[in-house]
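Coordinate inspection notes
Each chain is listed here by its residues.
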Amino acid sequence: MDAPVQDVFSIGTASAAAGETAIGVLPVAVGMDAREVVIPIAIVNGGRPGPVVLIEGGLHGIEIVTVEICRRLKEELIPADLAGTLVLAPQINPWAFLASSRFTPQDAQDMNRVFPGAAGGSVSHQVARVITRELLDRADIVIDCHSCNPPSIHFTIVGDEGGTEVRRRSVEIAEVFGYPVVLANTAYSGTLSGYCLEQGKPTITPEFVFSRRFDPVSIDTGVAGVRNVLRHLGMLAGGPVAVDVPRPFDEVRTYRSIGATKGGFCFFDVECGGAVTKDEPIATLRDVWGTEMERILAPQDGVIIAFPLQGNQAAGTGDKVAYLAYRSGNEP
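Quick look at the structure, then. In this text the structure is predicted, and so the values were computed from the model without any measurement. Residue indices begin from 1 for each chain and proceed along its sequence in written order. At least 70 in pLDDT is required for a residue's local features to be given in this predicted model, at least 80 for side-chain atom pairs to be given and counted, and no such filter applies to totals for whole chains, interfaces and linings, which use all residues. To get the side-chain values, all heavy atoms of the structure are used, and hydrogens and water are removed first.

**Some points on helix α3 (residues 123–134)**
The α-helix winds at 3.6 residues per turn, so residues separated by three or four positions along the chain end up facing the same way. Helix and strand assignments follow DSSP, with helices taken as H or I runs no shorter than four residues and strands as E runs no shorter than two, numbered in order from the N terminus. In this analysis, the expected span of each helix is defined as 1.5 Å times one less than the number of residues it contains. When the terminal C-alpha atoms of α3 are compared, their 16 Å separation across 12 residues agrees well with the 16 Å that a helix rising 1.5 Å per residue should span. Residue burial is assigned from relative accessible area. The probe radius is 1.4 Å, only protein chains are included, and a residue is buried under 20% of its type maximum, exposed over 50%, and partly exposed in between. Those residues of α3 lying buried are Ser-124, Val-127, Ala-128, Val-130, Ile-131 and Thr-132. Structurally, α3 contributes buried residues whose contacts are with β3 (20–30), α2 (94–98) and α5 (192–198). For this analysis, residues touch if any pair of their heavy atoms sits within 4.5 Å.

The structure is reproduced here in structure tokens:
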């Protein structure tokens, strides 16, 4: 996994010589006003051989905490202390960010469903293709950062894609990061993490808490988690340190999404992070006058790790209401 020290590592306009840090931008498209659309890039290029680690976020424009995590890492890491190269790309969907939206407004796409992109597709597909070529394909390990609105605990997902060995290495890195670890029980088509896993690159997806806000706990523990991964990979000296977040379980679990069948305003019947048993009520949907429309029950024993409502505290048919972490028997 260790590559020779690269005298200069460049992405877009950012070029860092060995032992240096550099910032720049990666052009990804051209807007209707003929101006280039770019994403910010920082490179911390170590002075010794090591892997290339990519930290990226902002695929969903409302998930902004990666911006502050990457800023802290750029400011705090000393290139001379680093083996290998750290690439920081904190906001990779500029249109969704400017629209304060989960989706790319020009084509109404979730960019995290179109990887590795396509040359002749809509803007989300074309930008995903640039990100794939310039960032993902040049990395050895990827930390794909996302956020859940509260109520949620901090947790890290390892996807269902790729072979046994890349998933094993991904779980190992996720455990070192320091959050509770859950395995996806199904693969979505076109995710960034799925593409990387299929290419044999260990990839983890930390889920921070709060979209739209800079949460101090997420920032501090996110920086600590990345440092833990760098130590684990031999890129920084020392061993991992404990990350202080709630841990309702210590073993790796599998997680599943629980959705609404009907719809209404959502009232939670259990605390996030709490254990539930099969058929226990976890949420109730009501109309504007309080009439119960649906009582959502736990499909099996487990722990509620998030109520990932996308907008208001309400859900319609098919919307996600809760994530349940459970023992599937397939965990390592």
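**Some words on the packing of helix α4 (residues 164–177) against helix α6 (residues 216–232)**
It is at 8 Å that the axes of α4 and α6 come closest, and there the two elements cross at 130°. Taken together, the axes of α4 and α6 lie oblique to each other. Note on packing geometry: the crossing formed by α4 with α6 is right-handed. Contact residues: Glu-172, Ile-173, Val-176 and Phe-177 in α4; Thr-221, Gly-222, Gly-225, Val-226, Asn-228, Val-229 and His-232 in α6. Residue classes follow a fixed rule: Ala, Val, Leu, Ile, Met, Phe, Trp, Tyr, Cys and Pro count as nonpolar, while Asp, Glu, Lys and Arg count as charged, and any other residue, Gly among them, counts as polar. Looking at the contact of α4 with α6, its residues break down into five nonpolar, five polar and one charged. Between N-to-C directions, angles cover 0 to 180 degrees, with each direction set by a line fitted to C-alpha atoms, over the stretch in contact for helices. An angle counts as roughly parallel when it lies under 35 degrees, as roughly antiparallel when it exceeds 145, as roughly perpendicular when it falls between 65 and 115, and as oblique in every other case. Helix crossings get a hand from a simple test, with the near helix turned counterclockwise from the far one by less than a right angle marking a left-handed crossing and a clockwise turn marking a right-handed one.

**Considerations on the packing of aromatic side chains**
Stacked, tilted and edge-to-face are the three classes assigned to paired rings of Phe, Tyr and Trp, where Trp is represented by its six-membered ring and a pair needs centres within 6.5 Å; plane angles under 30 degrees give stacked, over 60 edge-to-face, the rest tilted. Counting across every chain of the model gives six aromatic pairs. Judged by centre distance (4.1 Å) and plane angle (25°), the ring pair of Phe-268 and Phe-307 falls under stacked. Note that Phe-268 is positioned in strand β13 (residues 264–268) and Phe-307 in the loop between β17 (302–306) and β18 (314–315), a separation of 39 residues in sequence. Its relative accessible area of 26% is what places Phe-268 among the partly exposed residues. Whether a charge lies above a ring is judged from NZ of Lys or CZ of Arg, which has to be within 6 Å of the ring centre and within 35 degrees of the ring normal. One Lys or Arg, Arg-113, reaches over the ring of Tyr-188 and ends 4.4 Å from the middle of that ring. It is Arg-138 that lies over the ring of Phe-9; its NZ or CZ is 4.6 Å from the centre.

**Focus on a nonpolar patch on the surface**
A cluster of nonpolar side chains, namely Phe-265, Phe-267, Val-288 and Trp-289, defines an oily patch on the protein surface of about 520 Å² accessible area. In this fold, Trp-289 is placed in the loop between β15 (281–286) and β16 (292–297). Patch definition: residues with relative accessible area over 30% and no salt bridge; like charges joined within 9 Å; nonpolar side chains (Val, Leu, Ile, Met, Phe, Trp, Tyr) joined within 5 Å. Note on areas: Shrake-Rupley with a 1.4 Å probe; residue coverage comes only from the protein chains shown. Put simply, a salt bridge is a Lys or Arg side-chain nitrogen that is within 4 Å of an Asp or Glu carboxyl oxygen.

**Comments concerning α4**
In this model, α4 (14 residues) spans 20 Å end to end at C-alpha, consistent with the 20 Å of a helix rising 1.5 Å per residue. Turning to α4, its buried residues are Val-166, Ser-170, Val-171, Ile-173, Ala-174, Val-176 and Phe-177. Looking at the buried residues of α4, the elements they touch are β7 (141–144), β9 (155–158), β10 (181–184), α5, β11 (203–209) and α6. Positive phi shows up at Gly-178, right after α4, with a value of about 115°.

**Description of the sheet that holds β16**
Think of a sheet as strands paired side by side through backbone hydrogen bonds, with each pair either parallel or antiparallel. Between any two strands, at least two bridges found by DSSP are needed for them to pair. Judged by pairing direction, the sheet is antiparallel, and its four strands sit side by side in the order β16-β15-β13-β18 without closing on themselves. Looking at the sheet topology across the chains shown, the edges are occupied by β16 and β18.

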